[in-house]
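What the coordinates show
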Amino acid sequence: MIDARKPDGLTAAEASARLAADGPNALPHAGERSIWRIALEVLREPMLALLLAGGVAYLLLGDLVEALILLSFALFSILVTVIQESRTEHVLEALQDLSAPRALVIRDGVRAHIAGRDVVRDDLIVLEPGGRVAADALLIEAADLQTDESLLTGESLPVGKVAEMGEAADSAQRPGGEGQATVYSGSLVARGTGIARVTATGPRSEIGRIGQSLATLDTEAPRLHGEVNRIVLWCATGGAVVALTVVVLFGVLRGSWIDAVLAGIAIGMSLLPEEFPVVLTVFLAMGSWRIGKVGVLTRRAAAIETLGSATVLCTDKTGTLTENRMSVADLWLPSGETMQGVSAGAIAGGFAELARIAALASAIDPTDPMEVALHQAAPDIGQSGATLVHAYALRPELLAMANAWDDQGALTLAAKGAPEAIAGLCRLAPDALARMTAAVEMMASRGIRVLAVATATPRDQQWAASQRDYHFALTGLVGLADPLRASVPDAVAQCLGAGIRVVMITGDYAATARSIATQAGIAGGDVMTGADLEALDDATLAERLKTVTVFARIMPEQKLRIVQAFKTDGEVVAMTGDGVNDAPSLKAAHIGIAMGKRGTDVAREASAMVLLDDDFGSIVQSVRLGRRIYDNIRKAMAFIFAVHVPIAGLALLPLLLNMPILFGPIHIALLEMVIDPVCALVFEAEREEADSMTRRPRDPAEPLFSLPMIGWSVLQGGLAFAMLATVFVVESRAGMAEAELRALIFFALITQVLALTMVNRSFGPSLGAAVLRHNTALRAVIAAIAAVTALILLVPWAQTLLKFGSIAWPDMALAAGLGVLLLLALEAGKALARLPAIRLRLTKHSVQTRMTRKQP
């Protein structure tokens, strides 16, 4: 048995043996995917395969423009996906960088710097300010030691550490606890020094266990892609069957197999659903750009539409809801006077003296967040001219520190610390102690951290061994808090109005968490601590989740358990986080949202989105945009379904009626040059619906291509086809020439496409919104259509190319009138469809009003 506590540490031979037995102090590599492997997986996606196939098909047909458009979208999708997937492979690498810093160890009685991966169990590591702890270890010496464990706990305040007192370390100790003898791998030494014996390295450390859980988790598969894949395959299969049927029927009935093939190609092109993947690619890419403008970086585009359906938002407290900085919130004097909402310039009288003494009891150049706040509350402290001549450090047996100052011969001893410690130094009478304790409890109930401040006057510079040897007088209490971000209450209210439940998950104490939750407006439910959660089985936890809005003193694996419990209950979960401890839950959530400014590389790489400004309000803006993007995708999909009905119908109708074929491949391609910009640009640019942030999140099981949506689209397209077919049959029997008839129906179809665009711009009936609502992309498309129409009408070779005859102005007016008539009919249909719902709401309101009047 090696005596690892001997001052000389391990020998080189002992360290080599431990390294061989336990392995390096690093996380094992998971099965990494190369860029080529990722690219191969991307190429197997049905949606991408259809884009490539469609591009090749158009290339073979000689339609270079359409082919280049589709192939460009395919290449763009491949590049974006490969880049994003490659970045996710860096998660464990970033974690390894944190878990294996360089270390100062004692071996063979000599201090030496070694690579963090070479640290072994029972090594003696030396801890110094600013250094990172190389492995989990038990302190055998500690002098005023504090470590920043925010990577593991998410809480920014350092925690005090003490040397072990001879007994075995408590195996139940976890990061974030005050007064522990254990230091953890990846944490930073904020103050003081120490020597610790390594107890766990690599995957056996606290940070290693997080890395292992991260490696076993898979990100959520994008649901929208799966739906589009299925509908694309169905439409492509149906289009191929119809096209083949057209070729056979045309050839058998008319005997011209060349014309039959051309007709089959035309009908196949009219039914080829290449717009679906184009819409999804463009909308999500543009969505990433739009969300980036509100301060959110999108790492996985599929998370954009998922965010719009989030039902639960699990948020951290420190730095997300709060400003991640300590400030003086309350001041209390022994006379009973209090000052709340402190600002440095407004402090006067006894409160100013209290702030001055608290700053004098702090470090001259503070790094501790609380001491920085104390200096900010007394900005003139540096102008006093006093000299620091002695200091008493914080000790486990006395949680107070003091500084002795010499101001031109006048000695002052300024002390601050835990209220109970300062009360002991001041030897308070029972009634004074009771008043101070009541004030402390009042501040603590509001989640405020409390320090007591006292002063003493030494007789000379013959310093006593302990602060207890001086006669201190209580100066007062200082309350410090991490203030709530000003934008949070309104953002939370918007979330609640949108049917999104906001849940706080923090490593902080329950009282602090409850106070911040109350200020933010999310404290309507119960508070559950990590200890309470640990005692619950999964079934009981699922039941309790329905009422809990604040989780306090939560450990990393408990965050993951909370997220998984919400998901099991059918919720769509968005999770915010910044530390290594948050990475597993960020990856497991439907939408992981990392902090950009203070977040770790591990958290950012494990997330789907990154808040560049760490502002909770940006999440709400992203939800709004997510709902807008999903709504616009639905509008575009409904338009695609609707517009292909008259196109396909007009391609089939002449065959069924034994009449001349109206449209060939060139006409269909020209129509697609109208439809594609409408789908990809016009609908993407539409603003959100008026009720986007007042309606509940959509059901996660609700399909994108629902039967009501498909039915409404077919009805729109069917009505358009009926109008065009009527004109086609009537004019044909009236003797209109084939070329003129083709031109008339083509331009009428263009106006019908524009009418369908107007109708699908909003879900509700609003003729004014359909026509007048601002949309720059729509104006550009209309202008382009007008220019092309003028070109066709005025340039003879264009008419020859398209096999169009000259068209009279009355016929053009007829074509335009068909579009206007379709728009009016469909808007009226939307209004009629809403009447039953309006009547139901009015009836419910009337019943509720009568019941209210009957109540005494």
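In terms of burial, strand E20 (residues 573–577) is a largely internal element, 5 of the 5 residues being buried. Alternating positions in E20 separate into two faces, Val 573, Met 575 and Gly 577 on one and Ala 574 and Thr 576 on the other, with burial throughout. Pairing of E20 with strand E21 (residues 591–595), which is carried by 4 bridges, proceeds in the parallel orientation. What sits directly across from Ala 574, in E21, is Ile 591.

All right, on to the environment of Gly 385 then. In this structure, Gly 385 sits in the loop between helix H13 (369–377) and strand E12 (387–392). Each C-alpha atom of the pair Gly 385 and Trp 405 lies 9.8 Å from the other, and the pair is 20 residues apart in sequence.

This next bit is on the packing of helix H26 (residues 738–759) against helix H28 (residues 776–794). To describe two helices that pack against each other, one gives the angle between their axes and the distance between the axes. Remark: H26 packs on H28, axes separated minimally by 12 Å, with the N-to-C direction vectors making an angle of 175°. Considering the angle they form, H26 stands roughly antiparallel to H28. Listed contacts from H28 to Phe 747, Ile 750, Leu 754, Thr 757 and Met 758 of H26 are Leu 778, Ile 782, Ile 785, Thr 789, Ile 792 and Leu 793. Partitioned by chemical class, the residues of the contact of H26 with H28 number 9 nonpolar, 2 polar and no charged.

Aromatic rings considered in pairs are described by the distance between their centres and by the relative angle of their planes. Within this structure, the stated rule accounts for 5 aromatic pairs. Ring plane angle 45° and centroid distance 5.4 Å describe the contact between Phe 639 and Phe 683, whose orientation is recorded as tilted. Of this pair, Phe 639 sits in helix H23 (residues 616–656) while Phe 683 is found in the loop between helix H24 (665–682) and helix H25 (707–733), placing the two residues 44 residues apart along the sequence. With a relative accessible area of 0%, Phe 639 lands in the buried category. Ring centres 5.2 Å apart and planes at 50° place the aromatic pair Phe 746 and Phe 804 in the tilted group. Of this pair, Phe 746 sits in helix H26 while Phe 804 sits in the loop between helix H29 (796–802) and helix H30 (809–854); the two residues are 58 residues apart in sequence, bridging distant segments of the chain. Each member of the pair Phe 746 and Phe 804 is classed as buried. Members of the aromatic cluster, connected to one another through ring pairs, are Phe 746, Phe 747 and Phe 804. For Lys 635, the ring lying beneath its charged end belongs to Phe 763, and the centroid distance is 5.2 Å. One residue, Arg 698, lies across the ring of Tyr 630, its end atom 3.4 Å from the ring centre.

So, on to the packing of helix H12 (residues 349–360) against H13. At their nearest, the axes of H12 and H13 sit 8 Å apart, and the two run at 140° to each other. Considered as vectors, H12 and H13 are oriented oblique to each other. As for the relative orientation of H12 and H13, their crossing is left-handed in sense. In contact with Ala 355, Ala 358 and Ala 359 of H12, H13 contributes Leu 374, His 375 and Ala 377. Its residues assigned to classes, the contact of H12 with H13 shows 5 nonpolar, 1 polar and no charged.

A separate point is the side chain of Glu 206. Of note, Glu 206 is situated in helix H7 (residues 206–215). Contacts of Glu 206, omitting those with residues within four sequence positions, involve Asp 136, Leu 152, Arg 174, Pro 175 and Tyr 184.

All right, on to the nonpolar core then. Grouped together as the largest cluster of nonpolar side chains are 109 residues, with contacts concentrated most on Ile 591, Met 609, Phe 616, Met 637, Phe 639 and Phe 747. Among the elements that line this core, the one with the most residues is H23, at 19 residues. Ranked by size, the runner-up nonpolar core spans 29 residues in total, among them Ala 402, Ile 422, Tyr 470 and Ala 481.

Turning our attention to the environment of Glu 353. With respect to the secondary-structure elements, Glu 353 resides in helix H12. Note on Glu 353: relative accessible area 34%, which makes it partly exposed. As a C-alpha pair, Glu 353 and Gly 476 span 123 residues in sequence and 9.6 Å in three-dimensional space. A polar contact of 2.9 Å, which involves the side chain of Glu 353, links it to the side chain of Arg 356.

Averaged over every residue, the pLDDT of the chain is 79; residues scoring 70 or more account for 79%. Below pLDDT 50 for its whole length, residues 1–5 participates in 9 contacts with residues either more than four positions away or in separate chains. Confidence over residues 95–100 falls short of pLDDT 50; this stretch has 22 contacts with residues more than four positions distant or in other chains.

Turning next to the pattern of salt bridges. Opposite charge on two side chains permits them to pair, given that their charged atoms come into close proximity. One pass over the structure, following the stated rule, counts 21 salt bridges. Lys 161 serves as the salt-bridge partner of Glu 149, at 2.7 Å between the closest nitrogen and oxygen. With a gap of 12 residues between them, Glu 149 in the loop between strand E4 (136–148) and helix H6 (150–153) and Lys 161 in strand E5 (residues 159–161) connect regions that are remote in the sequence. Look at Lys 161 and you get buried, because its relative accessible area is 5%. As a salt-bridge pair, Glu 686 and Arg 773 come within 2.9 Å of each other at their nearest N and O atoms. Of this pair, Glu 686 sits in the loop between H24 and H25 while Arg 773 sits in the loop between helix H27 (767–772) and H28, placing them 87 residues apart in sequence. The exposure classification of Glu 686 matches that of Arg 773, with both residues buried.

About the thresholds
- Residues numbered from 1 in each chain as written.
- Predicted model: local features only at pLDDT ≥ 70, side-chain atom pairs only at ≥ 80, totals over all residues.
- Heavy atoms only, no water.
- Buried < 20%, exposed > 50% of the residue type's maximum accessible area, 1.4 Å probe, protein only.
- Helix = DSSP H or I, 4+ residues; strand = E, 2+ residues; numbered from the N terminus.
- Pairing = 2+ DSSP bridges.
- Axes fitted to C-alpha atoms, helices over the stretch in contact; angles between N-to-C directions.
- Parallel < 35°, antiparallel > 145°, perpendicular 65-115°, else oblique.
- Contact = heavy atoms within 4.5 Å.
- Nonpolar A, V, L, I, M, F, W, Y, C, P; charged D, E, K, R; others polar.
- Phe/Tyr/Trp six-rings, centres within 6.5 Å; stacked < 30°, edge-to-face > 60°.
- Lys NZ or Arg CZ within 6 Å of the ring centre and 35° of its normal.
- Left-handed = near helix turned anticlockwise from the far one by under 90°.
- Core = buried A, V, L, I, M, F, W, Y, C linked by side-chain atoms within 4.5 Å.
- Polar contact = N/O pair within 3.5 Å; in protein donor to acceptor, adjacent residues only side chain to side chain.
- pLDDT = per-residue confidence, 0-100.
- Salt bridge = Lys/Arg side-chain N within 4 Å of Asp/Glu carboxyl O.

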